[in-house]
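# Residue-level structure breakdown
Read off the chains here:
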Amino acid sequence: MSQSVSAPSDDLDTLKIELAAAVASAADSAALDALRVSALGKKGRITDLMKTLGALPAEERKMRGAALNVLKDEIAVAIDARQKILSAAALQDRLSRESLDVTLPARPQNEGRIHPISQTIDEIVTLFASQGFAVAKGPDIESEYYNFEALNIPSSHPARDMQATFFMPSSGEYKMVLRTQTSPVQIRTMREQKPPIRIIAPGRTYRCDYDMTHTPMFHQVEGLVIDEATHMGHLKGCLLDFLREFFGIDDLPIRFRPSYFPFTEPSAEVDIGCSRKGGELKLGNFGDWLEILGCGMVHPNVLKNCGIDPEKYQGFAFGMGIERLAMLKYGIPDLRTFFDADLRWLKHYGFMPLDIPNPALKA
Ligand code: DAH
């Protein structure tokens with residue numbers, strides 16, 4: 001009787017010493033795992049001993065059961081502690097073996113390019129932002145009222161024929177169209193904001209055209225400034241600064257040529273200096289001229305259509321084609337290729353995200 005009371009803890013002590021030594025000498029996680037299974041797993045040694053408890057007398061079962069539970073917990077804690085030591089050692093080992101050479105060149109990034117249109121829009125927005133312009137937006141599907149009528153282009157006006165318009169199914173007083181220009185954003189802005197106004201509106205525009213220099217969808221950027229004392233000198237300075245910065249040519253000649261737009265009076269077309277010698281187009285002070293954009297002082301009728309008093313306020317507006325700017329700056333010969341979705345083209349003319357020439361960062 002006395003033997004059966006004292007024996008259980010003796011054999012458990014021996015087992016504890018044996019298991020603890022095995023845990024302490026487990027060389028790696030795999031060995032430790034095997035040990036865990038052989039001691040605590042379904043058919044492990046401690047688990048097997050647990051199974052024998054049922055055959056013992058009640059008093060003895062209680063004591064031995066408690067002792068077995070203590071042993072089980074102690075071994076589990078020892079295994080976890082050893083696991084932590086092994087993981088830390090493995091990490092230390094990796095750190096000492098592997099090294100990072102921060103002087104190596106970056107791996108070439110082969111996927112993804114910024115489309116030249118997105119790049120050009122970013123550059124335009126950045127440059128006008130430095131002149132205090134905010135970006136305004138309007139819908140691509142526009143009412144004829146905003147696209148033409150409010151811009152002083154009544155339905156009988158010949159200027160409507162110049163813009164080969166896509167008409168949408170419509171039922172109201174004014175037909176819906178795919179906007180032929182970004183100029184309707186002028187109207188929307190003037191109706192929503194009070195002067196002073198200083199916005200640019202880059203976006204998609206649509207005309208029923210297709211050849212080397214026209215695609216049915218293309219991009220324009222509109223500019224609008226309305227204030228009490230804005231005059232043509234401001235318009236000239238604003239565009240001169242923008243064009244010289246955009247093309248990165250400090251002495252790029254700029255010429256304002258009288259022209260006609262229904263929504264401005266007076267109106268002008270702006271040319272930049274170039275050379276066409278030998279059939280090659282080069283921008284700069286070479287004596288020849290290239291038309292680049294349209295502009296003028298906002299027509300009083302347009303101001304009135306937006307509830308702005310032309311006796312108190314005046315301002316200027318301009319509009320230009322983004323593809324044209326991109327083609328000239330980046331030497332892209334055919335406008336249609338912008339929208340062919342040809343990856344070889346994009347790899348050639350596209351921009352890397354971290355390699356963007358940002359005109360705002362120019363010294
Ligand atoms: N909307 C004109 C076009 O598509 C461009 C333009 C010219 C916009 C003169 C203007 C402007 O705001 O003042 O041809």
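Preceding this paragraph is the structure being described.
Bear in mind the structure is a predicted one, so any value in this text is a computation, not a measurement.

### Details of the site of the ligand
Within the structure, the ligand sits among 15 residues, and Gln181, Ser183, Arg207, Gln220 and Glu222 are positioned closest to it. Between the ligand and the protein, one listed contact pairs a nitrogen atom with a side-chain N or O atom of Gln181 at 2.7 Å. The separation between a nitrogen atom of the ligand and a polar side-chain atom of Ser183 is 3.0 Å. According to the grid-proximity analysis, the pocket containing the ligand is the largest pocket. Within the shell around the ligand, the residues separate by chemical class into five nonpolar, eight polar and two charged.

### Regarding the environment of Glu311
As for its placement among the helices and strands, Glu311 is situated in the loop between helix H10 (300-305) and strand E11 (314-321). On the basis of relative accessibility, which here comes to 75%, the residue Glu311 falls in the exposed class. Separated by 83 residues in the primary sequence, Glu311 and Glu228 place their C-alpha atoms 9.1 Å from one another.

### Overview of the packing of aromatic side chains
Here the structure, examined in full by the defined rule, presents 14 aromatic pairs. Sitting over the ring of Phe167, Lys175 keeps its end group 4.9 Å from the ring centre.

### Describing the pattern of salt bridges
What the rule picks out here adds up to 18 salt bridges. Of the charged contacts in the structure, one is a salt bridge between Arg179 and Asp140, with a shortest N-O distance of 3.6 Å. Within this pair, whereas Arg179 is found in the loop between strand E4 (176-178) and helix H8 (184-192), its partner Asp140 is found in the loop between strand E1 (134-135) and strand E2 (141-143), the two being separated by 39 residues in sequence. Through salt bridges with shared partners, a single network forms among Arg255, Arg257, Glu269 and Asp271.

Cut-off values and rules
- Residues numbered from 1 in each chain as written.
- Predicted model: local features only at pLDDT ≥ 70, side-chain atom pairs only at ≥ 80, totals over all residues.
- Heavy atoms only, no water.
- Near = heavy atom within 4 Å.
- Polar contact = N/O pair within 3.5 Å; in protein donor to acceptor, adjacent residues only side chain to side chain.
- 1 Å grid on protein atoms, 1.4 Å probe; cavity = no way out; pocket = protein on both sides within 12 Å on 5 of 7 lines; lining within 4 Å.
- Sits in = over half its atoms within 2 Å of the grid points.
- Nonpolar A, V, L, I, M, F, W, Y, C, P; charged D, E, K, R; others polar.
- Helix = DSSP H or I, 4+ residues; strand = E, 2+ residues; numbered from the N terminus.
- Buried < 20%, exposed > 50% of the residue type's maximum accessible area, 1.4 Å probe, protein only.
- Phe/Tyr/Trp six-rings, centres within 6.5 Å; stacked < 30°, edge-to-face > 60°.
- Lys NZ or Arg CZ within 6 Å of the ring centre and 35° of its normal.
- Salt bridge = Lys/Arg side-chain N within 4 Å of Asp/Glu carboxyl O.

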